[in-house]
Amino acid sequence: MMKFVVFAVLLPAAVFGLAVRPCPNNAPLPLEVRVTDCNQEPCVIPMGGMVDMDLDFIPNRASTTVDAALNIFLGNFRVPYDLPENQRNACNFFAGRGCPVSQGETINYHLSTPASAPFADVTVDLELQLTGDDGQPLFCFRSSATITAA
């Protein structure tokens, strides 16, 4: 009986990802986004803590390179932030593989980056986009996070 209760408690976290919103550019959405310790918006992240996410997506075209960008918005204001240089090449963060990517294949992307905001106790929109070698997004989504004091 105890095994069933543990399984029933863990199953929703394992099966259901975070509901995300489309970007204004109408790029495709990923299949599923999973954020550690978060299953609904806004995710609560301590300042300086790590945003740790896995997501699955299917490219709608082949690409030899894939670039990552994470934008942070406070309302309509874009907070000055760029992914660290070593995280901008998304190919380095595809589970069990790298680039190139082929149209129609399922790919798992893992991002673990520090939470950054101009001040604590604010809710921001995070926009994650992967872009192919043609400069067009392979996917883009927005989700919200509340950055709290550490």
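Residues numbered from 1 in each chain as written. Predicted model: local features only at pLDDT ≥ 70, side-chain atom pairs only at ≥ 80, totals over all residues. Heavy atoms only, no water.

### Re the packing of aromatic side chains
At step 1: On inspection of all chains with the given rule, the structure shows 4 aromatic pairs.
At step 2: When the centroid spacing of 5.0 Å and the interplanar angle of 55° are considered together, the rings of F57 and F139 count as tilted. With a gap of 82 residues between them, F57 in strand β4 (residues 50-57) and F139 in strand β9 (residues 137-148) connect regions that are remote in the sequence.
At step 3: Classification of F57 as buried rests on a relative accessible area of 1%.
At step 4: By relative accessible area, which is 0% here, F139 ends up buried. (Phe/Tyr/Trp six-rings, centres within 6.5 Å; stacked < 30°, edge-to-face > 60°. Helix = DSSP H or I, 4+ residues; strand = E, 2+ residues; numbered from the N terminus. Buried < 20%, exposed > 50% of the residue type's maximum accessible area, 1.4 Å probe, protein only.)

### Observations regarding the environment of T106
At step 1: Looking at the element boundaries, T106 is found in the loop between β6 (77-79) and β7 (107-114).
At step 2: The class for T106 is exposed, based on a relative accessible area of 53%.
At step 3: Spatially, the C-alpha atom of T106 lies 5.7 Å from that of F57, the residues being 49 residues apart in sequence.
At step 4: In this structure, T106 is in contact with L31, D56, F57 and I58, ignoring residues within four places of it in sequence. (Contact = heavy atoms within 4.5 Å.)

Everything listed is a geometric property; what it means functionally is a separate question.
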